[in-house]
Amino acid sequence: MEVSAHRAFQMLKSLAYVRLSGSEAEKKAANVIKDACTEAGVDVHIEEFTVATGKVNHAKLVVTEPYHKEYAVSGFERALSTPEGGLDAEFYYAEDLEDVHLANAKGKIVMVNSMRRNDYKKLIKAAPAAILTFSGSVLDRESETDLGIKKLRETMTEPFGSAVALNLRAKDAAEIVRRGAKKMHIELDSECIDGVSQNVCAVIEGTKYPDEIVSFGAHYDSVHFSTGVYDNISGSVILVELMRYFAAHKPARTVKFHWYGSEEQGLLGSKAWVKAHEDELEKHVLMINVDVAAPTLGHNIAPVLGTEKTVGYVDALMKEIGVACNVSLDIYSSDCVPFADKGVPAINLCRFGAPGANFIHDRRDNLKSGYLDEKSLGITLTQALHLAQRTVNAAVFPIERKISDEIKEKVDKYLFKKD
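Residues numbered from 1 in each chain as written. Predicted model: local features only at pLDDT ≥ 70, side-chain atom pairs only at ≥ 80, totals over all residues. Heavy atoms only, no water.

A.B. asks: Tell me about the pattern of salt bridges, and name the residues and values.
C.D. replies: A complete count under the given rule lists 19 salt bridges for this structure. Its salt-bridge partner being Glu175, residue Lys69 comes within 2.8 Å of it at the nearest N-O pair. With Lys69 in strand β2 (residues 69-71) and Glu175 in helix α6 (residues 170-178), the pair connects residues that are 106 residues apart, well separated along the chain. A residue is classified by how much of its surface remains accessible, and Lys69, at 30% relative accessible area, is partly exposed. The exposure class assigned to Glu175 is buried, which follows from its relative accessible area of 16%. (Salt bridge = Lys/Arg side-chain N within 4 Å of Asp/Glu carboxyl O. Helix = DSSP H or I, 4+ residues; strand = E, 2+ residues; numbered from the N terminus. Buried < 20%, exposed > 50% of the residue type's maximum accessible area, 1.4 Å probe, protein only.)

Right, dumping it as structure tokens:
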């Protein structure tokens, strides 16, 4: 059996629905992938793991002075709830959390331009009554966009504590500031729930070097409102094709295929797998990760978490098949990171959409948007197959099992081991 971009694209169509972390839809997709492995005669199983999820029952925001108006808001999943009856406090726009802003934040409902982990740390220390963020663009039309739903991740709440947090549209945030809002009333009823997600795990034993493992990964979950066909069912179906290929053409080295759940919640699937299988990672000589593919207008990149020698090797392989690809020594925010953290070099294959043809983490990541096609999916599939064939079947494994100091530093910062 040979790989088929057409077959892969048809499978992508069958999985074009929202697949949130811990949801029944995510579980349904996992079983579709599992069934494809079973049909190919490949040993496959599902590994479940616990995920921290949340449910927002009610969220409300009303400006009460100097004017009165209610704005649509979404509550952060896993945020603190307000007291019964809500919370009334002064409003303060803290912009980028400079010292001047932080000095005025205590006890107020504070709105910020962004809230990364270090921003959140500063906010908690400043002790606001609640936190407001905004998403989207001031030009958004409500009929064409969705009010973003966010989550207070464990990487924020576990070290720094929880908070009341709401999100609103950017255009509403601008109006609130422009009209000089002074006081607000907010309500939030939020629950913390432990859910169940799953990794689909398949293995084909090597015929010559069974104790050397090449690990393939892609995540199959999506975010709110998004069918995630670009991010990342496209990568998942490419992995299915590689699995089918090696089922028919037995590999010299053992190949493992992992379709990870809950990547969008902070690489939870790959982190869970690495933690559960740490004793076997010494046998893993390479991780190949596929995350985003198929945009008609776009370009190919291959960030390498390894060494410059690996960059040169991958670059040569891409030139060998005539595929233009920007190969670089760099970190990539995906399921490769937990492997690199344990010393396993990783190669990411991605096709990024060009400006205006790159829709991610919103309702436009769907098939109706018309920016994906099977021919373009085939570009990344061709790259992945060639890289897989050359590494998996090499007489001597061509990639050094080493992570450069530069990448180690970036991985440590990404995983918040260093500030």
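Having seen it, we continue.
A.B. asks: Any chance you could break down the packing of aromatic side chains for me, citing the residues and the numbers?
C.D. replies: For any pair of aromatic rings, the description consists of the separation of the ring centres together with the inter-plane angle of the planes. Counted by the stated rule, this structure contains eight aromatic pairs. On the numbers, 5.0 Å between centres and 85 degrees between planes, the contact of Phe359 with Tyr371 is edge-to-face. You can see Phe359 sitting in the loop between β14 (346-353) and α11 (374-392) and its partner Tyr371 sitting in the loop between β14 and α11, a full 12 residues away along the chain. You'll find Phe359 and Tyr371 in the same group, each marked buried. The structure contains a cluster of three or more aromatic residues connected by ring pairs, namely Phe216, Tyr245, Phe246, Phe257 and Trp259. For the cation-ring pair, Arg117 lies above Phe416, with the distance from its terminal atom to the ring centre recorded as 4.3 Å. (Phe/Tyr/Trp six-rings, centres within 6.5 Å; stacked < 30°, edge-to-face > 60°. Lys NZ or Arg CZ within 6 Å of the ring centre and 35° of its normal.)

A.B. asks: Explain the environment of Ile301 residue by residue, including any values.
C.D. replies: Residue position: Ile301 is located in strand β12 (residues 298-305). Ile301 sits in the buried class, given a relative accessible area of 13%. Sequence-wise, Ile301 and Thr380 are 79 residues apart; in three dimensions their C-alpha atoms are separated by 9.7 Å. Apart from the residues within four sequence positions on either side, Ile301 is in contact with Cys325, Asn326, Asn348, Leu349, Cys350 and Phe352. (Contact = heavy atoms within 4.5 Å.)

A.B. asks: Give a detailed account of the pairing of strand β5 (residues 109-112), specifying residues and quantitative values.
C.D. replies: Burial along β5 is two-sided: Ile109 and Met111 facing one way and Val110 and Val112 facing the other are all buried. One ladder, built from four bridges, connects strand β4 (residues 87-95) with β5; its direction is parallel. Paired with Tyr93 across the two strands is Met111, which belongs to β5. In this sheet, strand β6 (residues 130-135) lies alongside β5 in parallel orientation, the contact comprising three bridges. Bridge pairing in β6 links Val110 to Ile131. (Pairing = 2+ DSSP bridges.)

A.B. asks: Can you break down the packing of helix α2 (residues 24-39) against helix α7 (residues 229-248) residue by residue, with the values?
C.D. replies: Look at α2 against α7: their axes get within 10 Å of each other, and the N-to-C directions meet at 15 degrees. If you check the angle between α2 and α7, you find them roughly parallel. As for how α2 packs across α7, the hand of that crossing is right-handed. For the pair formed by α2 and α7, the contact residues are Ile33, Ala36 and Cys37 on the first element and Val240, Met243 and Arg244 on the second. Looking at the contact of α2 with α7 residue by residue, the classes come out as five nonpolar, no polar and one charged. (Axes fitted to C-alpha atoms, helices over the stretch in contact; angles between N-to-C directions. Parallel < 35°, antiparallel > 145°, perpendicular 65-115°, else oblique. Left-handed = near helix turned anticlockwise from the far one by under 90°. Nonpolar A, V, L, I, M, F, W, Y, C, P; charged D, E, K, R; others polar.)

A.B. asks: If you had to explain the pairing of strand β11 (residues 284-290) to someone new, which residues and values would you point to?
C.D. replies: The element β11 is largely enclosed, with a buried count of seven among its seven residues. Bridging between strand β9 (residues 209-219) and β11 involves five bridges; their strand directions are parallel. Bridge pairing in β11 links Gly217 to Asn289. Where β11 meets β14, four bridges bridge the pair, whose relative direction is parallel.

A.B. asks: How would you summarise the side chain of Gln383 if you had to cite specific residues and measurements?
C.D. replies: Here Gln383 shows up in helix α11. Residue Gln383 is classed as buried on the basis of its relative accessible area of 1%. Leave out the neighbours within four places in its chain, and Gln383 touches Asn300, Met318, Ile321, Val323, Cys325 and Leu349.

A.B. asks: Please set out the nonpolar core residue by residue, giving values where relevant.
C.D. replies: Phe216, Phe246, Phe257 and Trp259 are the most contacted members of the largest nonpolar core, which totals 87 residues. Look past the residues within four positions of Phe246 in its chain and what remains in contact with it is Ile204, Phe216, Pro251, Val255, Phe257, Ala388, Gln389, Val392 and Asn393. Core analysis: the next-biggest nonpolar cluster, separate from the first, contains 39 residues, Val63, Leu123, Leu152 and Leu168 among them. (Core = buried A, V, L, I, M, F, W, Y, C linked by side-chain atoms within 4.5 Å.)

A.B. asks: Quick rundown of helix α1 (residues 5-14)? Include the residues and the values.
C.D. replies: Restricting attention to buried positions, one finds in α1 the residues Ala8, Phe9, Met11 and Leu12. Take α1 and look down its axis: the buried residues cluster within an arc of 160 degrees, on one side only. The secondary structure elements touched by the buried residues of α1 are α2, α7 and α11. Structurally, the start of α1 carries an N-cap: the backbone nitrogen of His6 is 3.4 Å from a side-chain oxygen of Ser4. (Arc of directions from axis to C-beta. Polar contact = N/O pair within 3.5 Å; in protein donor to acceptor, adjacent residues only side chain to side chain.)

A.B. asks: Lay out the environment of Leu102 in plain terms, naming residues and giving numbers.
C.D. replies: Within the secondary structure layout, Leu102 lies in helix α3 (residues 99-103). Along the chain, Leu102 and Leu123 lie 21 residues apart, while their C-alpha atoms are 7.3 Å from each other. For Leu102, the residues in contact, after removing those within four places along its chain, are Leu97, Lys122 and Ala126.

A.B. asks: Outline α2, listing residues and values.
C.D. replies: Across its 16 residues, α2 extends 22 Å between first and last C-alpha, which sits within 8% of the 22 Å expected from 1.5 Å per residue. Those residues of α2 that fall on the buried side of the exposure criterion are Glu26, Ala29, Ala30, Ile33, Ala36 and Cys37. Taken down its axis, α2 places every buried residue within 115 degrees of arc, on the same side. Pointing more than 90 degrees away from the buried face of α2 are the exposed residues Glu24, Lys28 and Glu39. Contacts from the buried residues of α2 go to α1, β1 (43-65), β8 (183-204), α7 and β10 (253-260). Downstream of α2 by one or two residues, Gly41 has phi in the positive range, about 80 degrees. (Expected span 1.5 Å × (residues − 1).)

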